[in-house]
Each structure stands twice: as structure tokens, then as C-alpha cells.
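# A structural walkthrough
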Amino acid sequence: MATITVLVTNDAGLDTLLSEDEVQQIAEAVLDAEGITVSAEVSVSFIDEDEMRALNAEWRGIDAPTDVLSFECDGADAEGLPDGAVLELGDVMLAPTVIAAQAPAFNATPVEECRLMLVHGMLHLLGYDHMQEDEAAQMEAHELAVLQALATARGDDPVGVVLGPMTRHQND
């Protein structure tokens with residue numbers, strides 16, 4: 001399993017929905033599932049709706065808050081990195097108030113939805129996308145596999161993990 005360092009920030013003092021330990025576990029599970037074997041770093045920031053709206057407007061041209069944004073640095077390609085170098089995956093920005101508000105529409109709790117959005121954001125850092133139907137289906141399959149493995153590790157029934165149609169940007 002890869003060693004991952006996760007820097008968690010919450011400058012606005014928000015209810016993050018997930019503990020720092022769980023954020024670390026989720027990041028490790030994604031890297032493990034994707035076969036990443038080099039040391040890596042990722043930043044996970046919990047931000048308010050105003051900051052998320054500003055980032056979404058700047059980077060995606062959509063003047064509205066969203067649930068998660070990912071900003072890739074090195075991606076999953078470790079080629080060209082010197083021996084012993086750390087793969088800088090990038091930044092995952094989560095808006096817990098947006099995530100909590102949308103959770104009921106996906107028949108999920110805010111915590112379940114936040115887990116999904118973190119897995120989703122991590123997969124973006126590893127090169128996954130969902131602009132085409134086949135890409136979305138592939139990304140969702142990977143999300144489900146990681147979330148089911150995490151459920152099993154927690155002692156929860158992995159069959160209870162259900163994904164809503166969240167990766168297809170139908171209205172963007």
C-alpha cells in the first residue's frame with residue numbers, strides 16, 4: 001500500500017462531516033484501489049459555499065457553489081519523478097454544507113455523501129473524468145468499489161452502499 005500524507009484544512013471552522021482519520025483512510029483506500037505504490041501527498045480543504053462558488057466560477061465558469069472540486073498537480077503518473085520523491089496529487093475542495101443539503105436527494109446521509117465526494121475528488125486527481133457516458137460509468141464503478149471496501153472495513157454492509165447519478169454533469 002502507498003504511503004499518503006493528507007493535509008486537512010478547515011479555515012472556516014465548518015462541520016466537516018468526516019474526521020481527519022476518516023479522510024486519511026479514504027485517501028489511502030483510493031490509492032490502494034488504484035494501485036498507486038509511491039508515496040503521495042494530497043490536500044483536502046473544507047470550504048464554505050461562498051469560497052466554493054468563487055472557485056467554481058473561476059475554474060469552471062459556473063457561478064454557483066458545487067460539492068467538490070479537484071485541482072490536479074502531478075496526477076497518478078510517477079514517471080520522471082526522482083527516486084524517493086513524493087507524488088503531489090493535488091487539492092480536493094469539499095463544501096460540506098452543499099454536500100449535506102444534496103444528500104437527501106441521493107438517499108444518502110451527509111456523511112455518506114461526503115465520503116462519496118472525497119472518493120470522487122481523489123479519483124479526479126488520478127485522471128478520472130465523467131464528461132462522456134463511458135467515462136462516467138467507469139468512474140462510478142471505481143467509486144462504488146472503494147466505498148464498498150471502506151464499508152466492509154468499518155464493519156458496515158457493503159451492499160448498503162448506493163450511488164446516486166452524481167458524476168454526470170447533466171446541468172453544467
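A short tour of the structure in this document, coming up. For clarity, every value in this text was computed on a predicted model and none was experimentally measured.

Criteria and cut-off values
Residues numbered from 1 in each chain as written. Predicted model: local features only at pLDDT ≥ 70, side-chain atom pairs only at ≥ 80, totals over all residues. Heavy atoms only, no water. Helix = DSSP H or I, 4+ residues; strand = E, 2+ residues; numbered from the N terminus. Buried < 20%, exposed > 50% of the residue type's maximum accessible area, 1.4 Å probe, protein only. Contact = heavy atoms within 4.5 Å. Areas by Shrake-Rupley, 256 points an atom, 1.4 Å probe, with all protein chains shown as cover. Pairing = 2+ DSSP bridges. Polar contact = N/O pair within 3.5 Å; in protein donor to acceptor, adjacent residues only side chain to side chain. Axes fitted to C-alpha atoms, helices over the stretch in contact; angles between N-to-C directions. Parallel < 35°, antiparallel > 145°, perpendicular 65-115°, else oblique. Left-handed = near helix turned anticlockwise from the far one by under 90°. Nonpolar A, V, L, I, M, F, W, Y, C, P; charged D, E, K, R; others polar.

## Some points on the overall build of the protein chain
When you go through the protein chain residue by residue, the secondary structure sums to 5 helices and 4 strands. Listed N to C, the secondary structure of the protein chain is β-α-β-α-β-β-α-α-α in terms of helices and strands. Expressed as a percentage of the 172 residues in the protein chain, the buried residues total 42%. Taking as baseline every contact in the protein chain between residues at least 6 positions apart, the subset at least 24 positions apart corresponds to 64%. Here the protein chain has roughly 8800 Å² of accessible surface; of this, 47% comes from carbon and sulfur atoms.

## A closer look at unusual backbone geometry
Residue leucine 17 is not a glycine yet carries a positive backbone phi of 75 degrees. By the element assignment, leucine 17 lies in the loop between β1 (4-9) and α1 (20-33). For asparagine 107, which is not glycine, the phi dihedral falls at a positive 55 degrees. One can find asparagine 107 in the loop between α3 (96-102) and α4 (110-125).

## Topic: the pairing of strand β4 (residues 87-94)
Most of β4 sits inside the fold, with 6 of its 8 residues counted as buried. As paired strands, strand β3 (residues 68-72) and β4 are joined by 5 bridges and run antiparallel to one another. Paired with leucine 69 across the bridge in β4 is methionine 93.

## Details of the side chain of threonine 66
Mapped onto the elements, threonine 66 comes out in the loop between α2 (49-60) and β3. Separated by 3.4 Å, the side chains of threonine 66 and aspartate 67 make a polar contact. Aside from chain neighbours lying at most four places away, what touches threonine 66 is Met52, Asn56, Arg60, Ala95 and Val98.

## Quick look at the packing of α1 against α4
Direction vectors running N to C along α1 and α4 enclose 45 degrees, while the axes themselves pass 10 Å from each other. Compared by their axis directions, α1 and α4 come out oblique. As α1 packs across α4, the resulting crossing turns out to be right-handed. Judged by residue contacts, Glu22, Val23, Ile26, Ala27, Val30 and Leu31 of α1 engage Arg115, Leu118, Val119, Met122 and Leu123 from α4. Here the contact of α1 with α4 is composed, by residue class, of 9 nonpolar, no polar and 2 charged.

## A closer look at the packing of α4 against helix α5 (residues 133-154)
Their axes nearest at 10 Å, the elements α4 and α5 cross at an angle of 130 degrees. By the angle class used here, α4 and α5 are oblique. Relative to α5, α4 is oriented so that their crossing is right-handed. For the pair formed by α4 and α5, the contact residues are Arg115, Leu116, Val119, His120, Leu123 and His124 on the first element and Met139, His142, Glu143, Val146, Leu147, Leu150 and Arg154 on the second. Per-class residue counts for the contact of α4 with α5 are 7 nonpolar, 3 polar and 3 charged.

Shape is all these values report; function is a separate question.
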